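Observations on chain architecture
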Amino acid sequence: YQTIAYDVNTAKINDILQGKMPFEESGLEALVRETVSKGQLKFTAQINDLQEADIIFICVGTPSLPSGEADLSQVYSAVEQIARNRNKPCLVVIKSTVPVGTSRKLTEFLRKHNLLSVTMISNPEFLREGSGVQDFWEPSRIVVGSESEESSIQVAKLYAPPGTSLILTNWENAELIKLASNAFLSTKISFINEIALLSERVGGDIRVISKGLGLDPRINPHFIEAGVGFSGPCLEKDLKSLIAQFQKVQTRARILESVLQVNEGQRQGVVKKLQEQLGTLKGKKIAVLGMAFKDQTDDVRQSHSLPIVKLLLAQEAILTVSDPWVSNPGHAGLDEAELPGVAWISSAYEAAKGKDAVLILTAWQEYKDLDLNRLKANMSNPLVVDGRNLFKAEDMQAQNIEYVGIGI
């Protein structure tokens, strides 16, 4: 296929044309270089370059409004731009995560404005950050929603991986499949984190409990690892959006509301663990390892690390942060004023130097492989609060490091 990638951000397009990717993603840079060199992929900031496109994918953001509802302004703007710059019919495929009913409302919007060259399709994405390229080649399922079976098949054939489950359905089902999938994953995480609270108090080990749960094929072992909770640009945002959609139809999403509450409690919980070990945090020197919301990405959008760092700053702790792929506030999309007085250090060992505690927030392999003897030698007070349960307590004890995990 001949593919054109369009963005209103000219600077971003120029960076990509010079070989600079806007974010880290395994395998992406090589794929872009290969397809650009073959002439299969082009980048543009001119919407008129999309005139001949038969299928146009909308991949814009849908951030949370203060009410929790999804902000659809970018989606509507993109669809209207396309419709007003078309000379022939095309399919517009929504990849962005949107509330149920969005495709139908967009269709009504286009009809109202007599923009009839566009046919709306819902085709939610299920790519995981850090393995998005692999997930594209090996999808778990393809979901296509439309009022036209012919159009749905046309979009489905773009993928056509053998043996992949394919669901052709209506707009509403496709949109809700995506939202329900993310809400269920969030629920699994909050569920195991709530069990971890009890595990801590009765002498259990949540890692053993999770393994026992995950061996049940009806449950599976994914997303039942206790820690500081879920974060990132999707799960929390989509959960809030779904809760808001329940409210619109005068119904409470009690389970989903609790999922959010448990998740917020996990963030406060790691700060409480530091307080229990150190007493007051005022003036205490703490190294925070991990700013990205997960390993193998440099994405800090809605990361759990940011509110935790802000909670520590509010307690007047002195912070040094480190992340293998996030080297400074600008890289994280932050203004330095948002995290006043925070030092950014590339090395975990350097970050730990002279510290009263190390707090681990992202499950980087680099942290799993830390030399504990070297880590201890750098610290003023050998205390590790592990928000990802990367270590065995006995290994820490062997180095005389005070170790606090989640649910253990």
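Bear in mind that the values here come from a model prediction, so they are computed numbers and not experimental data.

Examining the overall build of the protein chain
The number of helices and strands found in the protein chain is 15 helices and 13 strands. Referenced to the eigenvectors of the C-alpha coordinate spread, the extents of the protein chain come out at roughly 70 × 45 × 40 Å. The buried share of the protein chain, taken over its 408 residues, is 47%. Intrachain contacts of the protein chain at a sequence separation of at least 6 include 72% that bridge at least 24 residues. For the protein chain, the exposed area adds up to about 20700 Å²; of that, 51% sits on carbon and sulfur atoms. Of the side chains in the protein chain, 43 bear a positive and 49 a negative charge, and the two mean positions are spaced by 2 Å.

A few points about unusual backbone geometry
Non-glycine residue asparagine 220 carries a positive phi angle of around 65 degrees. By the element assignment, asparagine 220 lies in the loop between helix H8 (206-214) and helix H9 (235-248). Despite not being glycine, asparagine 389 has its phi angle at roughly 50 degrees, a positive value. When you line up the elements, asparagine 389 lands in the loop between strand E12 (383-386) and helix H15 (393-398).

Some thoughts on the packing of helix H3 (residues 73-84) against helix H4 (residues 102-112)
The axes of two packed helices give the description: the angle between them and the distance between them. Their axes nearest at 11 Å, the elements H3 and H4 cross at an angle of 40 degrees. When the axes of H3 and H4 are compared, the pair comes out oblique. Crossing handedness for the pair H3 and H4: right-handed. Together, Val75, Tyr76, Val79, Glu80 and Ala83 of H3 and Lys105, Leu106, Phe109 and Leu110 of H4 make up the contact between the two elements. When grouped by side-chain class, the residues that make up the contact of H3 with H4 number seven nonpolar, no polar and two charged.

Overview of the packing of H9 against helix H10 (residues 254-278)
Contact pair H9 / H10: the axes reach a minimum separation of 9 Å and the direction vectors enclose 145 degrees. Considering only the axes of H9 and H10, their crossing is left-handed. Contacts between H9 and H10 involve Glu236, Leu239, Lys240, Leu242, Ile243 and Phe246 on the former and, on the latter, Leu256, Glu257, Val259, Leu260 and Arg267. Grouping the amino acids of the contact of H9 with H10 by side-chain chemistry returns seven nonpolar, no polar and four charged.

With respect to the nonpolar core
With 57 residues, the main nonpolar core has Leu274, Ile286, Val309, Leu312, Leu339 and Leu359 as its most contacted residues. No other element matches helix H11 (residues 305-314), which puts five residues into this core. With 22 residues, the next largest nonpolar core counts Ile56, Leu110, Leu115 and Met120 among its residues.

Some thoughts on the sheet that holds strand E9 (residues 318-322)
Pairing is parallel in the open sheet, where six strands are placed in the order E10-E9-E8-E11-E12-E13. Looking at strand neighbours, the two that pair on one side only are strand E10 (343-344) and strand E13 (402-404), the edges of this open sheet. Judged from the three bridges that link them, E12 and E13 form a sheet pairing that is parallel. Directly across from leucine 383, in E13, lies its bridge partner glutamate 402.

Here we look at H10
Given a rise of 1.5 Å per residue, 25 residues ought to cover 36 Å, and the 36 Å separating the end C-alpha atoms of H10 matches this to within 8%. Phi turns positive one or two residues past the end of H10, at glycine 279, with a value near 75 degrees.

A look at the pairing of strand E3 (residues 55-58)
Across four bridges, E3 lies against strand E4 (residues 90-94) in parallel orientation. Within E4, the residue paired with isoleucine 58 across the bridge is isoleucine 94. Remark: the E3/H3/E4 crossover connection has right-handed handedness.

Here's the deal with a nonpolar patch on the surface
Side chains of Leu127, Phe136 and Trp137 sit close together on the surface and give an oily, nonpolar patch of about 340 Å² of accessible area. Along the polypeptide, phenylalanine 136 turns up in helix H5 (residues 132-137).

Section: the side chain of serine 151
Inspection of the secondary structure puts serine 151 in helix H6 (residues 149-159). At a separation of 3.1 Å, a polar atom in the side chain of serine 151 contacts the side chain of serine 148. Apart from the residues within four sequence positions on either side, serine 151 is in contact with Leu91, Thr119, Ile121 and Ser146.

Points about the state of the cysteines
Taken as a whole and assessed by the stated rule, the structure comprises zero disulfides. Left unpaired, cysteine 90 is separated from the closest cysteine sulfur, that of cysteine 59, by 14 Å. The thiol of cysteine 234 is not disulfide-bonded; the next cysteine sulfur, from cysteine 59, is found 12 Å away.

Description of the environment of valine 309
Among the secondary structure elements, valine 309 is positioned in helix H11. Counting along the chain gives 252 residues from valine 309 to phenylalanine 57, while the straight-line C-alpha distance between them is 37 Å. Sequence-distant contacts of valine 309, defined by excluding residues within four places in its chain, comprise Val288, Met291, Leu319, Val321, Leu339 and Val342.

What about helix H1 (residues 10-17)?
Its side-chain oxygen at 3.1 Å from the backbone nitrogen of alanine 11, asparagine 9 defines the N-terminal cap of H1. Following H1 by one or two positions, glycine 19 has its phi on the positive side, about 90 degrees.

Here is what the cut-offs are and how they apply
- Residues numbered from 1 in each chain as written.
- Predicted model: local features only at pLDDT ≥ 70, side-chain atom pairs only at ≥ 80, totals over all residues.
- Heavy atoms only, no water.
- Helix = DSSP H or I, 4+ residues; strand = E, 2+ residues; numbered from the N terminus.
- Buried < 20%, exposed > 50% of the residue type's maximum accessible area, 1.4 Å probe, protein only.
- Contact = heavy atoms within 4.5 Å.
- Areas by Shrake-Rupley, 256 points an atom, 1.4 Å probe, with all protein chains shown as cover.
- Lys, Arg positive; Asp, Glu negative; His and termini not counted.
- Charge placed at Lys NZ, Arg CZ, Asp CG, Glu CD.
- Axes fitted to C-alpha atoms, helices over the stretch in contact; angles between N-to-C directions.
- Parallel < 35°, antiparallel > 145°, perpendicular 65-115°, else oblique.
- Left-handed = near helix turned anticlockwise from the far one by under 90°.
- Nonpolar A, V, L, I, M, F, W, Y, C, P; charged D, E, K, R; others polar.
- Core = buried A, V, L, I, M, F, W, Y, C linked by side-chain atoms within 4.5 Å.
- Pairing = 2+ DSSP bridges.
- Expected span 1.5 Å × (residues − 1).
- Right-handed = clockwise from strand over helix to strand, strands pointing away.
- Patch = residues over 30% accessible without salt bridge, like charges linked within 9 Å, V, L, I, M, F, W, Y side chains within 5 Å.
- Salt bridge = Lys/Arg side-chain N within 4 Å of Asp/Glu carboxyl O.
- Polar contact = N/O pair within 3.5 Å; in protein donor to acceptor, adjacent residues only side chain to side chain.
- Disulfide = S-S within 2.5 Å.

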